[in-house]
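Working through the structure, step by step
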Amino acid sequence: MPSHLANYSSLNRYSRTLYQTLFKRNTVFLVGIFTTAFVFEMGFDTASDRLWDHLNKGKQWKDIKDKYASS
Amino acid sequence: MSSITTKLATATVNRTLFNAPYSSVAIKQLFEVSNSYRSEINVIPSAAWAAAQRGPDGLVTAKTFMNAAVNSSKSVIVPDAPKYKKDSGTYTSRSFAYLMVGATGVMTASATKVSVTDFLTNLSASADVLAMAKAEVDLSKVPEGKNITIKWRGKPIFIRHRTADEIAEANSVKLTDLKDPQSDAERARKPEWLIMIGVCTHLGCVPIGEAGDFGGWYCPCHGSHYDISGRIRKGPAPLNLEVPQYEFEGDTLI
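Residues numbered from 1 in each chain as written. Chains lettered and ligands numbered in written order. Predicted model: local features only at pLDDT ≥ 70, side-chain atom pairs only at ≥ 80, totals over all residues. Heavy atoms only, no water.

1. Digging into the UniProt feature "transmembrane region" (unreviewed entry) in chain A
The feature "transmembrane region" (unreviewed entry), as annotated in UniProt, sits at residues 27–44 of chain A in this numbering. Measuring from the first to the last C-alpha atom of residues 27–44 of chain A gives 25 Å, for a span that is 100% helix and 0% strand. (UniProt positions renumbered as here; feature names shortened; annotations may be inferred. Helix = DSSP H or I, 4+ residues; strand = E, 2+ residues; numbered from the N terminus.)

Here you go:
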C-alpha cells in the first residue's frame, strides 16, 4: 500500500479510536496499565497454578489427602 | 578540445563526479555550473519546500516535499527509497508504540507487585506456626458459673461460663462509671461465655478469678479490680482485660 493511503486504512481508523480513548490522556493510560496488570496477574496465576497441578497430578497433598486424613 | 567539451557536457547532464574529467578546467567549470545551479535553487525557498497538509485534528496527514532529485537538476541525487517507507498510517504506528510502552508498564507493575508480595510473605508466619498458635477448648465441660484457664501463645486465657445473674449484672453497669468504657456486648460475643487474656493491663500479672470488690478478677500485684465482664473498675490498671480473637464452632472454641 502506498504510504499516503495508509492514513485512510481501516487499521488506522481503529488505531485512531484506540489512541483517542486510551493513550491520549496520561491518567487514563496509567489507570489502564494498572488495571491490565491486575487482570493479567490474576489470569497468569490461575493459568500457572493449573499447569503446575496438571504436571504434578497425584503427587500433591491435596490429591492424596483422602488416603490419610480421616475426617 | 571538442572531446573535453563533449565530456563536460555529458558530465554536466549526468552530474556524477565519477565520470567527470580530472582536468582543472573541467573541474572549475563543473564547480561554476554546479554553483549556478545551487544558487538558482537556493533563491527559491518557497513554501512548497515542506508543505504539510494537516487534518482537522492537527495531525499531519500528508507531506509534500519538493523533490530535490528532480528539481535540482540532478545536482544531488536523493534516492526515493520506496522500499524503506513504512506503509502504516500515522495512528497505527503511534498506537503501536504506545501499546508497546503500555505492555512494558504492565509487565513491570506485575513483576514489582509479585516481588514485593513474595518478600512480605516470607516474613509472615508459616503454616506450622499458625497451627501452633491456635487453641481449641471443649466448652461443654465448663459448668455454669465456673472459670477455666488455658494457655495460648504463652499467655493464660480466662474462659468463664457466666450465669444469667452475672450477665445481668455486667449489663447493668453504667458506661460512664467505667475507666475504659466498653459495653458487655462488645466484650463477649455470646453473653454466657466471657473469653479474655488473663494478663493484668497494668504490669502483666495474672489476676485471680472470683475475687475483688466487683465479683470478677483481682490482680494481687497492685490491687486492680475487674468486674464480671473483665472491665477495670478500681486500681492502677488503665484498660479492661484484653479480649482475644475467637470463634465458636458448635461447642468448641477456637
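Let's pick the thread back up.
2. Points about the nonpolar core
Soluble globular proteins tend to bury their nonpolar side chains together. Judged by nonpolar contacts, B:Phe158, B:Leu194, B:Met196, B:Cys200, B:Cys205, B:Trp217, B:Cys219, B:Tyr226, B:Ile232, B:Ala237 and B:Leu241 together constitute the single largest core of 11 residues. For this core, the secondary-structure elements that each account for two or more residues are strand S6 (193–197) and strand S7 (215–219) of chain B. (Core = buried A, V, L, I, M, F, W, Y, C linked by side-chain atoms within 4.5 Å. Buried < 20%, exposed > 50% of the residue type's maximum accessible area, 1.4 Å probe, protein only.)

3. Details of the interface of chain A and chain B
On the chain B side, the residues contacting the 19 residues of chain A number 24 residues. Buried area between chain A and chain B, both sides added, is near 1,800 Å², and the carbon and sulfur share of it is 65%. Its largest share of buried area at the contact with chain B, chain A owes to A:Tyr19, A:Phe23 and A:Glu41, together 26% of the area lost on that side. Connecting chain A to chain B are 1 salt bridge. Between B:Lys113 and A:Glu41 there is a salt bridge; the shortest N-O distance is 3.0 Å. Sorting the residues of the side of chain A that touches chain B by element identifies helix H1 (10–23) and helix H2 (26–55) of chain A as the ones contributing at least two each. Per-element accounting of the side of chain A that touches chain B gives the leading share, 8 residues, to H1(A). (Contact = heavy atoms within 4.5 Å. Buried area = accessible area lost by both parts, 1.4 Å probe. Salt bridge = Lys/Arg side-chain N within 4 Å of Asp/Glu carboxyl O.)

4. Looking at a nonpolar patch on the surface
A contiguous nonpolar patch, built from A:Leu18, A:Leu22, A:Val28 and B:Leu99 and spanning about 280 Å² of accessible area, is present on the exposed surface. On the secondary structure map, A:Leu18 appears in helix H1. (Patch = residues over 30% accessible without salt bridge, like charges linked within 9 Å, V, L, I, M, F, W, Y side chains within 5 Å. Areas by Shrake-Rupley, 256 points an atom, 1.4 Å probe, with all protein chains shown as cover.)

5. Examining the pairing of S6(B)
Residues and elements named next belong to chain B. Across the 5 residues of S6, 5 count as buried, placing the element largely inside the fold. What you see with S6 is no split at all: Trp193, Ile195 and Ile197 on one side and Leu194 and Met196 on the other are buried throughout. Pairing between strand S5 (residues 155–161) and S6: 5 bridges, direction antiparallel. Bridged to Ile157 within S6 is Ile197. (Pairing = 2+ DSSP bridges.)

6. Quick word on the packing of aromatic side chains
Per the counting criterion, the structure on display carries 7 aromatic pairs over all chains. Residues A:Tyr19 and B:Tyr98 carry aromatic rings whose centres are separated by 5.8 Å and whose planes lie at 45° to one another, so their mutual orientation is tilted. On the criterion of chain membership, the pair formed by A:Tyr19 in helix H1 and B:Tyr98 in helix H4 (residues 90–123) is interchain, its members lying in two chains. Arranged with centres 5.8 Å apart and planes meeting at 90°, the rings of A:Phe29 and B:Tyr98 form a pair that is edge-to-face. Of this pair, A:Phe29 sits in helix H2 while B:Tyr98 sits in helix H4, which puts the two residues in different chains. Taking relative accessible area as the criterion, A:Phe29 reaches 10% and is therefore assigned buried. (Phe/Tyr/Trp six-rings, centres within 6.5 Å; stacked < 30°, edge-to-face > 60°.)

7. Focus: the packing of H1(A) against H4(B)
At a minimum axis distance of 8 Å, the contact between H1(A) and H4(B) shows a crossing angle of 45°. As summarised for this structure, H1(A) and H4(B) are arranged oblique, according to the angle between their axes. Viewed along their axes, H1(A) and H4(B) form a crossing whose handedness is left-handed. On H4(B), the residues touching A:Leu11, A:Asn12, A:Ser15, A:Arg16, A:Leu18, A:Tyr19, A:Gln20 and A:Phe23 of H1(A) are B:Thr90, B:Tyr91, B:Thr92, B:Arg94, B:Ser95, B:Tyr98 and B:Leu99. Across the contact of H1(A) with H4(B), the residue classes tally to 7 nonpolar, 6 polar and 2 charged. (Axes fitted to C-alpha atoms, helices over the stretch in contact; angles between N-to-C directions. Parallel < 35°, antiparallel > 145°, perpendicular 65-115°, else oblique. Left-handed = near helix turned anticlockwise from the far one by under 90°. Nonpolar A, V, L, I, M, F, W, Y, C, P; charged D, E, K, R; others polar.)

8. A short note on the environment of B:Ala109
Tracing the backbone through its elements, the reader meets B:Ala109 in helix H4. Apart from the residues within four sequence positions on either side, B:Ala109 is in contact with A:Phe34 and A:Ala37.

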